[in-house]
Amino acid sequence: MDFLNALIALLNFVIIPATAYGSQLALGALGVTLIYGILRFSNFAHGDTMALGTMFVILITWGFQAAGIGFGPLPTALLALPFGIMLTAVLLIGTDRAVYKFYRKQKAAPVIYVIASLGVMFVYNALTRFIIGPDNQRFSDGERFIISAREFRDMTGLSEGLAFRTSQGITIVTAVIVVAILFWFLNKTRTGKSMRAFSDNEDLALLSGINPERVVMVTWIIVAALAVTAGTLYGLDKSYRPFTYFQLLLPIFAAAIVGGLGSPLGAIAGGFIIAFSEVAVTYAWKKVATYILPEALAPEGLVQLLGTEYKFAVSFVILIIVLLIRPTGIFRGKAV
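Residues numbered from 1 in each chain as written. Predicted model: local features only at pLDDT ≥ 70, side-chain atom pairs only at ≥ 80, totals over all residues. Heavy atoms only, no water.

### Some words on the overall build of the protein
Check the secondary structure of the protein and you find 14 helices and two strands. For 336 residues, the compact-globule estimate of 2.2 N^0.38 gives 20 Å, and the C-alpha radius of gyration of the protein, at 21 Å, lies within 12% of that figure. With respect to the principal axes defined by its C-alpha atoms, the protein has extents near 70 × 55 × 40 Å. Across the protein, the fraction of contacts at a sequence separation of at least 24, relative to all contacts at a separation of at least 6, is 74%. In the structure as shown, the protein presents an accessible area of about 15900 Å², 67% of it carried by carbon and sulfur atoms. (Helix = DSSP H or I, 4+ residues; strand = E, 2+ residues; numbered from the N terminus. Rg over C-alpha atoms; globule rule 2.2 N^0.38 Å. Contact = heavy atoms within 4.5 Å. Areas by Shrake-Rupley, 256 points an atom, 1.4 Å probe, with all protein chains shown as cover.)

Next up, the structure:
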């Protein structure tokens, strides 16, 4: 019985939260790795793209809620998500035409793009704060739990309860669907194959008649979909605050680099590696240890390696280690 209680505590506080968080990081890292693999620069504005896109979703969600439009037990934000993606796609394509296209024509060095993306980041951040403000915003509705801790204890008779939030379930299911659609698109459609060819060898792709501007436009549309989906899921699961998305840039880049920058599969693997590392290192293991160890060996302290305020430090350490030991990442992406 104690072993089952320890397993439930592990599921409740480590495995389920880390899986949901890893799904969010994986979607964010996929956007970063697509831009790096196809457009060949590190987009430092990606975190604030997520914040701005999620802001669109929140504003539309509030409009739906005010009009009495809901989605039953599911969050109304899921109805607003396609509209947020469309608005963000228009914004990203417009930004590309106004900023990045000039540097593509000049065949500028990648570092120039990075500096330009920093400027875009500050503009996006300012727009988000100006429109919706810097404070936490609530936009979730619908059923809060798929199963609550009390319901689980009543069903099983265990002393430890399992709480599985609706936002966590939606995050995991949505991430699986989005990743499946993305891989199908990249591997089975003509446009997806053109994007892969452009990523592998730009000059050969141009000689084959591939339209580079079309590839760029489709890339930004996909990035908008990934960024807004990741940002909305993160906001539903945790909370929405613009500065939080700026902070997420570190674990998202760490996920992309750990998996292999430019490798979609690596971005997914990296997202879960970073998420499980952050959650495991900052979790207080006292409850699990108390269940599985003899009473005489039960710990008195929290058995916590780092406080939760240092979770992004875990991403930073992993990122540094990977850059020093294996710059191409697990799946041998493009070196940073």
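### Topic: the pattern of salt bridges
Counted by the stated rule, this structure contains eight salt bridges. A salt bridge links Arg40 to Glu202, with the shortest nitrogen-to-oxygen separation between them at 3.6 Å. In this pair, Arg40 is assigned in the loop between α1 (2–39) and α2 (46–66) and Glu202 in helix α8 (residues 202–207), connecting sequence segments 162 residues apart. Each member of the salt-bridge network shares a partner with another, and the members are Asp96, Arg97, Arg104 and Glu213. (Salt bridge = Lys/Arg side-chain N within 4 Å of Asp/Glu carboxyl O.)

### Topic: unusual backbone geometry
Within the chain, Lys107 stands out as a residue other than glycine whose phi angle is a positive 50 degrees. By the element assignment, Lys107 lies in the loop between α3 (77–105) and α4 (110–132). Overall, Lys107 belongs to the exposed group, its relative accessible area being 72%. Look at Val303: it is not a glycine, yet its phi comes out positive at around 55 degrees. Mapped onto the secondary structure, Val303 falls in the loop between α13 (286–292) and α14 (311–325). (Buried < 20%, exposed > 50% of the residue type's maximum accessible area, 1.4 Å probe, protein only.)

### As for the packing of aromatic side chains
Across all of its chains, the model carries 12 aromatic pairs by this definition. Ring centres of Phe41 and Tyr100 lie 5.0 Å apart, and the angle between their planes is 40 degrees; this geometry places the pair in the tilted category. With Phe41 in the loop between α1 and α2 and Tyr100 in helix α3, the pair connects residues that are 59 residues apart, well separated along the chain. The same class applies to Phe41 and to Tyr100, which are both buried. Arranged with centres 6.1 Å apart and planes meeting at 75 degrees, the rings of Phe64 and Phe83 form a pair that is edge-to-face. Of this pair, Phe64 sits in helix α2 while Phe83 sits in helix α3; the two residues are 19 residues apart in sequence, bridging distant segments of the chain. With a relative accessible area of 39%, Phe83 lands in the partly exposed category. Among the aromatic residues, those joined into a ring-pair cluster are Phe41, Tyr100, Phe102, Tyr103, Tyr113 and Trp220. (Phe/Tyr/Trp six-rings, centres within 6.5 Å; stacked < 30°, edge-to-face > 60°.)

### Overview of the side chain of Thr88
Here Thr88 shows up in helix α3. The class for Thr88 is buried, based on a relative accessible area of 1%. Polar side-chain contacts of Thr88 include one of 2.7 Å to the backbone oxygen of Gly84. If we ignore the near neighbours within four places in the chain, the residues touching Thr88 are Thr49, Gly53, Phe56, Ala224 and Val228. (Polar contact = N/O pair within 3.5 Å; in protein donor to acceptor, adjacent residues only side chain to side chain.)

### Re the packing of helix α11 (residues 249–259) against helix α12 (residues 264–282)
One way to put it is that α11 packs onto α12 with a least axis distance of 7 Å and a crossing angle of 125 degrees. Of the possible angle classes, the one that applies to α11 and α12 is oblique. Where α11 crosses over α12, the handedness of that crossing is right-handed. Two secondary-structure elements touch here, α11 through Pro251, Ala254, Ala255, Val258 and Gly259 and α12 through Gly266, Ala267, Gly270, Gly271, Ile273, Ile274 and Glu278. Classifying every residue of the contact of α11 with α12 gives seven nonpolar, four polar and one charged. (Axes fitted to C-alpha atoms, helices over the stretch in contact; angles between N-to-C directions. Parallel < 35°, antiparallel > 145°, perpendicular 65-115°, else oblique. Left-handed = near helix turned anticlockwise from the far one by under 90°. Nonpolar A, V, L, I, M, F, W, Y, C, P; charged D, E, K, R; others polar.)

### Section: α11
Summarising burial for α11: 10 of the 11 residues are buried, a large majority. Tucked into the core, α11 has its buried residues touching α1, α2, α10 (242–247), α12 and α14. Positive backbone phi, approximately 125 degrees, marks Gly260, located one or two places after α11.

### Things to note about the environment of Ala116
Relative to the helices and strands, Ala116 resides in helix α4. The class of Ala116 is buried, set by a relative accessible area of 12%. In the structure, Ala116 is positioned 17 residues away from Val99 in sequence and 7.5 Å away in space, judged by C-alpha atoms. With residues up to four places along the chain from it excluded, the contact list for Ala116 reads Val99, Tyr100 and Tyr103.

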